[in-house]
Amino acid sequence: MKNLAPAIFPPKGIGDAKPANKAVLDWVHEIATLTQPENIFWCDGSERENDFLIAESLKQNVLIELDHNKVPRSYLHRSNPNDVARVEQFTFVCTPTKDEAGPTNNWSEPGETYAKLRTLLRSAMLGRTMFVIPYMMGPADSPLTKVGFEITDSKYVVLSMRIMTRMGKTALKRLGSDLSAEWNRGVHSLLDVNPERRFICHFPQDNTIISVGSGYGGNVLLSKKCLALRIGSYLARKQGWMAEHMLILGVESPDGRKHYVAAAFPSACGKTNFAMLIPPAHFKGWKVTTVGDDIGWMRIRDGRLYAVNPENGYFGVVPGTSYQSNPNAMRSIAHDTIYTNVALNDDSDVWWEGKDGPPPAHAIDWRGNEWTPQSKEKAAHPNSRFTTPMRNNPALDSDVEKGEGVPISAIIFGGRRSDTVPLVYQAFDWNHGVYLGATMASETTAAATGAVGRVRRDPMAMLPFCGYNIGDYFQHWLDIGKRLTNPPLIFNVNWFRKGADRKFLWPGFGENMRVLKWIIDRCEESGGALKSPIGWLPSPHDLDLAGLDIDRNAVDELLGLDHEEWQKEIAAHKEFFDSLGGVVPEELQKQRDQLAARFMT
């Protein structure tokens, strides 16, 4: 490795968090020898280090400073316009056989992929600083917590990982010096941010992730979807727990009874809004608290599921976020936040479509171009993001750091469906609930590249994130159910159903508390329901709709079943299962047959 003048001169006492574990040191030396950086910076996660890297990022235009009176200690980052979302077509699961990756993943042979990536990484950090980020996913004392190291040449990644993970010396302490200890190896390089040289590759058997050619958060914050879900789901099956694309919230009644709920929604379908829900005035005394807004790790203890949020921050979609839609999110991002691909106002504040108040008369859009309300292009990218510490959330649950996790009373599946699927219904039992999750679908959004608005099957909201064969993943869910003596009840919700005028029938946002209340009532065996072919449905009087300005016909439509639409839906379930090429467990095929039969009686 060349010993040139370093690109960064860290002040004494930072950038020196070297691990005691020789296996990590040897691996870092191997990557440094390959990538040839000018300087190695061992991140310690301290405030001093953070301030130093922010100053360097401002000098090098990696960040733009915002008005500290309007958004204290917050910054704007712009990614390359060709690099604004997760790239599922360039995301690979690299297992010895294609069957292990399964029909829903892009597969690549490990040996060939390592060779290709090594070629791309050779001298990739020449003239750059190589940052080594030790981080921890999960509370410090949780048995589920995982340690990872991400090597990167991006300051944006370092600053974001400090928000999103428990980063620095705390992770080194958790890992210790045991050469056989489990830890994740992550390598990222921007290269030249060329889409033709963009690959996000996962090697589950090696606990390794390599990402090249991207600077966008979902592709390069390797702790998030890459480790917490793709590698995490593989480890979870192997080790007997669950790694899920789920928010976790607490809901407490006025008399102090508290339940925890996990919910799986595809990206940009209201996870953060639901996780930070503020009950409407009618529900005085009720409290909703946030454990996590995106990822839940769950294990079985005493016959029931307990969940932790492995993350330390939120990486949320900005457009549509306002004090009307999500007051707690707005308060969370009011300071100490990195914004990505939003608009910059003339007064050094940020703006996006859907933010409170009128649009600015003039701004610089997410591409860096002049923008006015008359412009044809949006000021903020539809998938623009905020990265903010979970500590900023005024509704953060008091048990968020509880290592044993919180007990889950209910699991909710839900997608963006404009027709067919009712506002809410409950599965008959665990296996039926697994079927609801396995067949859930959503109309696609801008969170991933590709067509927007088409209905896509997204099992458990894990289609892009399951790190192994989806059939084995379904079976893992069924096997977990066999081990539970007190399983969570399972529900399906749809906030997005539309009427004949193509307008939403349900007001959503805080009013979703009315649906959540019925779910809690069902957990406490106090809520009424009607048996239907698809599950237990609330009647209009089972939902607390007091004070809500909604037409009775709209409620009937929200809870109604159109048998013709459901015949098409069941056919679509079969088509989806058939498309998976024979990997779907027999139990789920049986569930489909039973669903079809119920519509015939």
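Conventions used here
- Residues numbered from 1 in each chain as written.
- Predicted model: local features only at pLDDT ≥ 70, side-chain atom pairs only at ≥ 80, totals over all residues.
- Heavy atoms only, no water.
- Helix = DSSP H or I, 4+ residues; strand = E, 2+ residues; numbered from the N terminus.
- Rg over C-alpha atoms; globule rule 2.2 N^0.38 Å.
- Buried < 20%, exposed > 50% of the residue type's maximum accessible area, 1.4 Å probe, protein only.
- Contact = heavy atoms within 4.5 Å.
- Areas by Shrake-Rupley, 256 points an atom, 1.4 Å probe, with all protein chains shown as cover.
- Axes fitted to C-alpha atoms, helices over the stretch in contact; angles between N-to-C directions.
- Parallel < 35°, antiparallel > 145°, perpendicular 65-115°, else oblique.
- Nonpolar A, V, L, I, M, F, W, Y, C, P; charged D, E, K, R; others polar.
- Pairing = 2+ DSSP bridges.
- Polar contact = N/O pair within 3.5 Å; in protein donor to acceptor, adjacent residues only side chain to side chain.
- Expected span 1.5 Å × (residues − 1).
- pLDDT = per-residue confidence, 0-100.
- Bend = angle between axes of the 7 residues up to and from the residue.
- Salt bridge = Lys/Arg side-chain N within 4 Å of Asp/Glu carboxyl O.
- Core = buried A, V, L, I, M, F, W, Y, C linked by side-chain atoms within 4.5 Å.
- Phe/Tyr/Trp six-rings, centres within 6.5 Å; stacked < 30°, edge-to-face > 60°.

Caption draft 1: Just the overall build of the protein, in detail. On a plain count of helices and strands, the protein comes out with 16 helices and 31 strands. The C-alpha radius of gyration computed for the protein amounts to 24 Å, which stays within 12% of the reference 25 Å derived for 601 residues, consistent with globular compactness. Here the protein, with 601 residues, has 61% of them falling under the buried criterion. Restricting to contacts in the protein with at least 6 residues of sequence separation, those with at least 24 account for 74%. As displayed, the protein has an accessible area near 22,700 Å², and 49% of this comes from carbon and sulfur atoms.

Caption draft 2: Expanded view of the packing of helix 11 (residues 430–439) against helix 15 (residues 563–579). Close contact between helix 11 and helix 15 brings their axes to 11 Å; oriented N to C, the two are set at 80°. Classified by the interaxial angle, the pair formed by helix 11 and helix 15 is roughly perpendicular. Judged by residue contacts, Tyr435, Ala438 and Thr439 of helix 11 engage His573, Phe576 and Phe577 from helix 15. Looking at side-chain class alone, the contact of helix 11 with helix 15 contains 4 nonpolar, 2 polar and no charged residues.

Caption draft 3: The sheet that holds strand 22 (residues 363–364), seen in detail. If you trace the 4 strands from one edge of the open sheet to the other, you get 21-20-22-23, paired in antiparallel fashion. Two strands close off the open sheet at either side, each with one partner strand: strand 21 (350–351) and strand 23 (370–371). When strand 22 meets strand 23, the two strands line up antiparallel, connected through 2 bridges. Note that in strand 23 the partner of Ala363 across the bridge is Trp371.

Caption draft 4: The arrangement of unusual backbone geometry in detail. Phi angles above zero are rare outside glycine, and Asp302 is one such case at about 55°. The topology assignment puts Asp302 in the loop between strand 16 (296–301) and strand 17 (304–308).

Caption draft 5: Region of interest: the side chain of Lys224. Residue placement: Lys224 occurs in helix 8 (residues 223–239). A distance of 2.7 Å separates the side chain of Lys224 from the side chain of Asp294, its partner in a polar contact.

Caption draft 6: Region of the structure containing the pairing of strand 25 (residues 406–414). Where burial is concerned, most of strand 25 is hidden: 8 out of the 9 residues are buried. Sheet topology places strand 14 (residues 258–264) next to strand 25; 5 bridges connect them, and they run parallel. Its bridge partner lying in strand 25, Ala264 is registered against Phe413. In the sheet, strand 17 pairs with strand 25 via 2 bridges, with the strands oriented antiparallel. Within strand 25, the position partnered with Tyr306 by the bridge is Pro407. As defined by bridge partners, strand 25 adjoins strand 29 (residues 489–493) across 5 bridges and the pair is classed as parallel. In the sheet register, Ala410 faces strand 29, and the bridge partner there is Leu489.

Caption draft 7: Representation of helix 12 (residues 470–483) in the model. Under the 1.5 Å per step criterion, the end-to-end length of helix 12 is 20 Å for 14 residues, consistent within 8% with the ideal 20 Å. Taken as a whole, helix 12 has its buried residues at Ile470, Gly471, Tyr473, Phe474, His476, Trp477, Leu478, Ile480 and Gly481. Between the side-chain oxygen of the N-cap and the backbone nitrogen of Gly471 there are 2.8 Å, and the N-cap of helix 12 in question is Asn469.

Caption draft 8: Local environment of the confidence of the model for the protein. Summarising the model, the protein shows a mean pLDDT of 95, and 97% of its residues fall at 70 or more. Contacts from residues 1–5, a stretch scored under 50 in pLDDT, to residues over four places away or in other chains number 9 contacts.

Caption draft 9: The arrangement of helix 8 in detail. Given a rise of 1.5 Å per residue, 17 residues ought to cover 24 Å, yet the end C-alpha atoms of helix 8 are separated by just 19 Å, more than 12% below that figure. Along helix 8, the largest kink reaches about 50° and is centred on Gly232. Here helix 8 lies mainly inside the structure; 14 of its 17 residues are buried. Count one or two residues on from helix 8 and you reach Gly240, which has phi positive near 90°.

Caption draft 10: Expanded view of the environment of Lys98. As for its position among the elements, Lys98 is in helix 3 (residues 98–101). Residue Lys98 is classed as exposed on the basis of its relative accessible area, which comes to 56%. Taking the C-alpha atoms as reference points, Lys98 and Phe577, 479 residues apart in sequence, are found 18 Å from one another.

Caption draft 11: Highlighting the pattern of salt bridges. One pass over the structure, following the stated rule, counts 35 salt bridges. The shortest N-O distance in the salt bridge between Asp302 and Arg301 comes to 3.4 Å. For Asp302, a relative accessible area of 65% translates into the label exposed. Where Lys402 meets Glu404, a salt bridge forms, and the shortest distance between an N and an O atom there is 3.8 Å. Look at Lys402 and you get partly exposed, because its relative accessible area is 35%. Each of Lys224, Lys225, Lys271, Asp294 and Glu311 takes part in a single network of salt bridges with overlapping partners.

Caption draft 12: Inspection of the nonpolar core at higher detail. Within the largest apolar cluster, 112 residues are counted, with the highest numbers of intra-cluster contacts made by Leu305, Tyr339, Ile408, Ile411, Phe413 and Trp477. For this core, the element with the highest residue contribution is helix 8, accounting for 8 residues. Counting residues in each nonpolar core, the second largest holds 37 residues, with Phe274, Ile412, Val424 and Phe496 among its members.

Caption draft 13: Here's a closer look at the packing of aromatic side chains. Enumeration over the complete set of coordinates arrives at 23 aromatic pairs. Between Phe149 and Trp183, the ring centres sit 5.6 Å apart and the planes meet at 80°, which makes this aromatic pair edge-to-face. Taken together, the residues Phe149 in strand 7 (residues 146–152) and Trp183 in the loop between helix 6 (169–175) and strand 9 (184–189) connect sequence positions 34 residues apart. When its relative accessible area of 1% is taken as the criterion, Phe149 is described as buried.

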